[in-house]
Structure formats: structure tokens, C-alpha cells
Amino acid sequence: QVHLAESGGRLVQVGGSLRLSCEASVRTFSNYAMAWFRQAPGKERDHVASISVTGSDTYYSESAKGRFTISRDNAKNMVFLQMNSLRPEDTAVYYCAASNRALPTRAMYAYNYWGQGTQVTVSS
């Protein structure tokens with residue numbers, strides 16, 4: 001019932017920046033904690049960043065800390081991921097996800113809805 005659509009992924013050079021966007025097709029967007037996950041070829045899908053319904057609480061992976069920032073605009077039903085100082089190991093398909101739980105957990109099982117992903121490629 002909740003449709004998520006990511007955008008913004010592209011080829012970028014090492015050290016560059018990208019801003020990913022996710023638009024949710026739902027009128028109660030503020031009821032959902034949101035997150036970004038990523039999956040590199042041949043690897044598991046891993047948590048990158050998550051944000052509470054109000055935006056007051058955020059969780060980041062160790063790799064994302066200090067480089068990435070998750071934010072949301074509940075009036076526009078959107079969540080963003082600002083990525084700076086990109087590295088080749090950031091190359092992956094990035095997925096937007098939504099959860100009806102109270103806290104922005106890192107656990108993938110807590111997320112009920114998923115986008116189709118957007119490709120980020122960081123060149124060496």
C-alpha cells in the first residue's frame with residue numbers, strides 16, 4: 001500500500017557528493033520511521049541510515065558516520081540521504097525503506113515497505 005521511489009543515484013568520482021531522494025506515496029508519512037539500506041553486488045543488504053518519525057533520532061552505520069546525513073520532510077513525504085566524501089566501497093544499489101515502528105532501528109526485518117533502488121557508483 002505504501003509506494004517508495006528513490007532517485008538521485010549516478011556515477012560519481014571518489015571524494016564527491018550525492019543527494020539521494022525518496023518519495024513516499026502515502027498520506028500518513030509522518031507515522032513511519034524511514035531508512036536507507038544498500039546492497040553491493042554479491043553482498044548482503046546493509047543498513048546505512050535511519051530516522052524517526054519526527055526526525056529527532058537518527059542511526060548510522062559505522063561507515064556512514066561523519067559522511068552521510070539522513071533527513072526528512074514530512075510535508076513533502078520525502079526522505080533524503082546526503083552523501084559526502086564518497087569512496088569506492090560506497091558503490092551499491094541504495095534502497096529506501098519505511099517502518100511503522102516507533103524507533104529507527106537498524107534491523108531490516110522492521111521495515112515493511114521498500115523502494116526499487118537507485119544505483120550509486122563511485123569511481124576510483
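It should be noted that the structure appears before, not after, this text.
It should be emphasised that the depicted structure is a prediction, and the values quoted were computed from it without experimental measurement. (Residues numbered from 1 in each chain as written. Predicted model: local features only at pLDDT ≥ 70, side-chain atom pairs only at ≥ 80, totals over all residues. Heavy atoms only, no water.)

Trainee: Whenever I open this one, the pairing of strand β1 (residues 3–7) confuses me. Can you help?
Mentor: Along any regular strand the residues' side chains alternate between the sheet's two faces. Only one face of β1 is buried: it carries L4 and E6, and the other face, with H3, A5 and S7, is open. Where β1 meets strand β3 (residues 18–25), 5 bridges bridge the pair, whose relative direction is antiparallel. Bridge assignment links A5 to a residue of β3, and that residue is E23. (Buried < 20%, exposed > 50% of the residue type's maximum accessible area, 1.4 Å probe, protein only. Helix = DSSP H or I, 4+ residues; strand = E, 2+ residues; numbered from the N terminus. Pairing = 2+ DSSP bridges.)

Trainee: Can you walk me through the pairing of strand β9 (residues 92–99) in this structure?
Mentor: Taking burial as the measure, the 8 residues of β9 include 8 buried ones, the bulk of the element. Taken together, the 3 bridges between β9 and strand β11 (residues 118–123) define a ladder with antiparallel strand orientation. Pairing of Y94 across the sheet is with T118, part of β11. Across 2 bridges, the pairing between β9 and strand β10 (residues 113–114) is antiparallel.

Trainee: Hey, could you run me through the packing of aromatic side chains in this one?
Mentor: Centre distance and the angle of the planes are the two values used to describe a pair of aromatic rings. All told, the structure shown has 4 aromatic pairs when counted by the stated rule. With 6.1 Å between their ring centres and 75 degrees between their planes, Y32 and Y113 make a pair best called edge-to-face. Highlighted residues: Y32 in the loop between β3 and β4 (33–39) and Y113 in strand β10, separated in sequence by 81 residues. Look at Y113 and you get partly exposed, because its relative accessible area is 22%. Within the aromatic cluster, the residues linked to one another by ring pairs are F37, Y111 and W114. Taking the ring centre of F80 as reference, the NZ or CZ of R19 above it sits at 4.0 Å. The residue whose ring lies beneath R72 is F29, and the NZ or CZ to ring-centre distance is 4.5 Å. (Phe/Tyr/Trp six-rings, centres within 6.5 Å; stacked < 30°, edge-to-face > 60°. Lys NZ or Arg CZ within 6 Å of the ring centre and 35° of its normal.)

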